[in-house]
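In case you want the letters, here they are:
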Amino acid sequence: MNVSVIGTGYVGLVTSVCLAERGHRVVCVDVDQAKVEQINRGLPPIYERGLEELLRRNIGVRLEATTDIHNAIGQTELSLIAVGTPFDGRRIDLTYIKSAAEQIGTALRTKAGYHLVAVKSTVVPGTTDHVVLPLLETMSGKKAGVDFGVGMNPEFLTEGEAVEDFMHPDRIVIGGIDKVSQDLQAALYEDFPDVQIIRTNNKTAEMIKYASNALLATLISFSNELGNLCAALGGVDIVDVMTGVHSSRYFTMRLPNGDCYTPLITSFLGAGCGFGGSCLPKDVKALVAHGGQIDVPMHLLNAVLQINERQTVRVLDLVKKHFPSLHRVQVAILGLAFRPDTNDMRESPAIPIIQSLLQEGASIRAYDPVANPEAENIFSGTEIRFCGSLREAVEGAQAVVLITRWEEFKQLPDLLADATPQPVVVDGRRMLDKHAFARYEGIGLS
Ligand code: NAD
Ligand code: UGA
């Protein structure tokens, strides 16, 4: 198929590259000229494992990037909207969605033939039918369901695993105002074998996306609340508690050959320094705000957010336990991105933790395998020393604070074995063996 993708961020670029790899002809559109030029040179503006290789293979062959949305709509039969949907402090900010819909509508005015517009961005229930569709009709002067179709195709990729997730999705959710709108989207995914396709209306598709993210956020805050109780009780470690919970038959299946299978969901049932990123925090906030607007207070999800906000303070408290003052204390920060395998710093727990440490006068060395440049931008003008290796970051540290679950941080026991005096290690992800350090602190442990 000939497809245009509006927005070339994490979702738009990965979608464009992967659809091209699956044989579609894709034109991706962005308002950011620099991004477009970079993509056309075969260089992804974001770090995502495997993305550069696929981009290089497809660019100029089945994929091109442009700022000219009019032209892109003209030469394609289906458009996916993948622009950002941030939270503006009070509700979901639909500015980019509206602007993309207006631009597509304007282009449709002069385009001959049927076109399908599907929203891939995460939008609160009702947005596709009650915001995007009317804008398309007004700007095009055409009729939805007659001259063009409207659909909703939420994206479930996880950053850091984005290419793999897109190429091998666990489910494809397709909303649409009619069968033609659904069929055209389904045709996009014909070459994705063995995947369950869920066909539904647009509002349900929108809600499935929020329900999925809200559940993950709830499990994390549930684990953190229990972890905080364990820490206060003393003599109970949340890791042991969760190991017991994970062993239940609800979470661990015993296979006929005797092996055990533990589903991925258990990774969200563990205590840590809280969830960040460009999706879980903003999506839960948007859903809570949306519920509030229609007089349905979201008590549970409100609590999920409150617990999460306090979690980074817990990390700081664990450091403070060991020093009368943090003034000039050498602190190594391990991990800056909101999760491993990405350079995305959006809403990373590292940001408030570092800001508080700076306020308290600590001297900071920081290291992330890929996100140092992004963090340097955020913290420009501060005296943080960004290090090129884990070894350099921990050298001479009095406190080591682990924030992101990068695999290479498992080398820490070896690296610190000969350090004198031994630094206090604050494990914000509970990923290290607490017995491997002379001075260990972890969330959910006292
Ligand atoms: P992003 O901020 O990385 O990218 C958005 C892009 O859209 C930017 O490059 C911006 O310049 C461009 N843009 C804005 N207005 C435009 C317009 N009118 N025309 C063309 N381009 C325009 O955002 P993202 O992280 O890719 O997220 C996009 C959407 O997908 C959001 O709704 C998000 O919630 C959802 N989502 C994101 C992820 C993820 O892991 N990042 C996963 C699933 C769903
Ligand atoms: C999340 C979902 O996992 C994806 O399914 C979804 O498509 C995506 O949001 C989205 O809508 O954008 P993502 O935010 O990229 O993906 O990454 P996650 O691995 O879910 O991590 C989110 C945050 O939760 C990270 O800060 C991570 O460190 C934290 N987390 C994760 C925990 O604190 N504890 C855990 O047990 C797991």
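Residues numbered from 1 in each chain as written. Chains lettered and ligands numbered in written order. Predicted model: local features only at pLDDT ≥ 70, side-chain atom pairs only at ≥ 80, totals over all residues. Heavy atoms only, no water.

Draft legend 1. Spotlight on helix α11 (residues 280-293). With 14 residues, α11 should reach 20 Å at 1.5 Å per residue; the first-to-last C-alpha distance of 20 Å fits that figure. For α11, the tally of buried residues reaches 11 of 14 residues, placing the bulk of the element in the interior. Those residues of α11 lying buried are Leu280, Pro281, Lys282, Asp283, Val284, Ala286, Leu287, Val288, Ala289, His290 and Gly291. On its buried face, α11 sits against α9 (202-233) and α12 (299-320). (Helix = DSSP H or I, 4+ residues; strand = E, 2+ residues; numbered from the N terminus. Expected span 1.5 Å × (residues − 1). Buried < 20%, exposed > 50% of the residue type's maximum accessible area, 1.4 Å probe, protein only. Contact = heavy atoms within 4.5 Å.)

Draft legend 2. Local environment of the site of ligand 2. Taken together, 19 residues lie around ligand 2, and Leu157, Lys209, Asn213, Ser267 and Cys279 are the ones closest in. A distance of 2.7 Å is found between an oxygen atom of ligand 2 and a backbone nitrogen or oxygen belonging to Leu157. A distance of 2.8 Å separates an oxygen atom of ligand 2 from a polar side-chain atom of Arg339. Protein contacts shield 88% of the accessible area of ligand 2, which totals 700 Å² for the unbound molecule. A per-element tally of the shell around ligand 2 places α9 first, with four residues. (Near = heavy atom within 4 Å. Polar contact = N/O pair within 3.5 Å; in protein donor to acceptor, adjacent residues only side chain to side chain. Areas by Shrake-Rupley, 256 points an atom, 1.4 Å probe, with all protein chains shown as cover.)

Draft legend 3. Region of interest: the packing of α9 against α11. Orientation of α9 relative to α11, taken along the N-to-C sense of each, is 115°, at an axis distance of 9 Å. When the axes of α9 and α11 are compared, the pair comes out roughly perpendicular. The interaxial crossing formed by α9 with α11 has left-handed handedness. Residue-level inspection shows Met207, Tyr210, Asn213, Ala214, Leu216, Ala217 and Ile220 of α9 in contact with α11, the latter providing Leu280, Asp283, Val284, Ala286 and Leu287. In the contact of α9 with α11, the residues fall into 10 nonpolar, one polar and one charged. (Axes fitted to C-alpha atoms, helices over the stretch in contact; angles between N-to-C directions. Parallel < 35°, antiparallel > 145°, perpendicular 65-115°, else oblique. Left-handed = near helix turned anticlockwise from the far one by under 90°. Nonpolar A, V, L, I, M, F, W, Y, C, P; charged D, E, K, R; others polar.)

Draft legend 4. The sheet that holds strand β2 (residues 25-29), seen in detail. If you walk across this open sheet you meet the eight strands as β3-β2-β1-β4-β5-β6-β7-β8, and the pairing is mixed. Whereas interior strands pair on both sides, the edge strands pair on one side only; in this sheet they are β3 (63-66) and β8 (196-200). The sheet shows a mean angle of 25° between the axes of neighbouring strands, taken without regard to direction. Sheet topology note: the strand β7 (residues 171-176)/β8 ladder contains five bridges and is parallel. From the neighbouring strand, Arg171 faces β8, where its bridge partner is Gln196. Each of β4 (78-81), β5 (115-119) and β6 (148-152) is contacted by helix α6 (residues 127-140), which is oriented at about 155° to β6, the strand it contacts most. (Pairing = 2+ DSSP bridges.)

Draft legend 5. Spotlight on the sheet that holds strand β11 (residues 330-334). Strand order in the open sheet formed by six strands is β13-β12-β11-β14-β15-β16, with parallel pairing between adjacent strands. A strand with exactly one partner marks an edge of an open sheet, and here the two such strands are β13 (385-386) and β16 (440-442). When β11 meets strand β12 (residues 363-367), the two strands line up parallel, connected through five bridges. If you follow Ala332 over to β12, its bridge partner there is Arg365.

Draft legend 6. How the structure looks around the site of ligand 1. Close to ligand 1 lie 28 residues; Asp30, Lys35, Thr85, Glu159 and Lys282 are nearest. One of the backbone nitrogen or oxygen atoms of Tyr10 is found 3.0 Å away from an oxygen atom of ligand 1. Residue Val11 places a main-chain N or O atom 2.8 Å away from an oxygen atom belonging to ligand 1. Among the elements that make up the shell around ligand 1, the one with the highest residue count is helix α5 (residues 95-109) (four residues). In terms of residue class, the shell around ligand 1 is made up of 11 nonpolar, 10 polar and seven charged.

Draft legend 7. Quick peek at unusual backbone geometry. For the bond from Thr420 to Pro421, the omega torsion is -5°, close enough to zero to count as cis. Here Pro421 is to be found in the loop between α16 (412-416) and β15 (424-427). In this structure, Asp295 takes a positive phi of about 65° despite not being glycine.

Draft legend 8. Structural detail: the packing of aromatic side chains. Within the structure shown, the criterion is met by five aromatic pairs. Taking the centre distance of 5.4 Å and the plane angle of 70° together, the rings of Tyr189 and Phe192 count as edge-to-face. What makes Phe192 buried here is its relative accessible area of 3%. Ring centres of Tyr367 and Phe409 lie 6.3 Å apart, and the angle between their planes is 65°; on these two criteria the pair is classed as edge-to-face. Of the two residues, Tyr367 is situated in strand β12 and Phe409 in the loop between β14 (399-402) and α16; the sequence distance between them amounts to 42 residues. Like Tyr367, the residue Phe409 is buried in the burial classification. By the ring-pair criterion, three or more aromatic residues cluster together here, those being Phe166, Tyr189 and Phe192. The ring centre of Phe156 lies 3.8 Å from the NZ or CZ of Arg171, which sits over that ring. The ring of Tyr250 has Arg249 lying over it, and the distance from NZ or CZ to the ring centre is 5.6 Å. (Phe/Tyr/Trp six-rings, centres within 6.5 Å; stacked < 30°, edge-to-face > 60°. Lys NZ or Arg CZ within 6 Å of the ring centre and 35° of its normal.)

Draft legend 9. The environment of Ile174, seen in detail. Of note, Ile174 is situated in strand β7. For Ile174, the contacting residues outside a window of four places in its chain are Met152, Asn153, Gln182, Gln185, Ala186, Tyr189, Ile197, Ile198, Arg199 and Thr200.

Draft legend 10. Geometry of the side chain of Ser221. Topologically, Ser221 is positioned in helix α9. Among the polar contacts made by the side chain of Ser221, one reaches the main-chain carbonyl oxygen of Val304 at a distance of 2.8 Å. Aside from chain neighbours lying at most four places away, what touches Ser221 is Phe275, Val304, Ile307 and Asn308.

None of this, on its own, says anything about what the molecule does.
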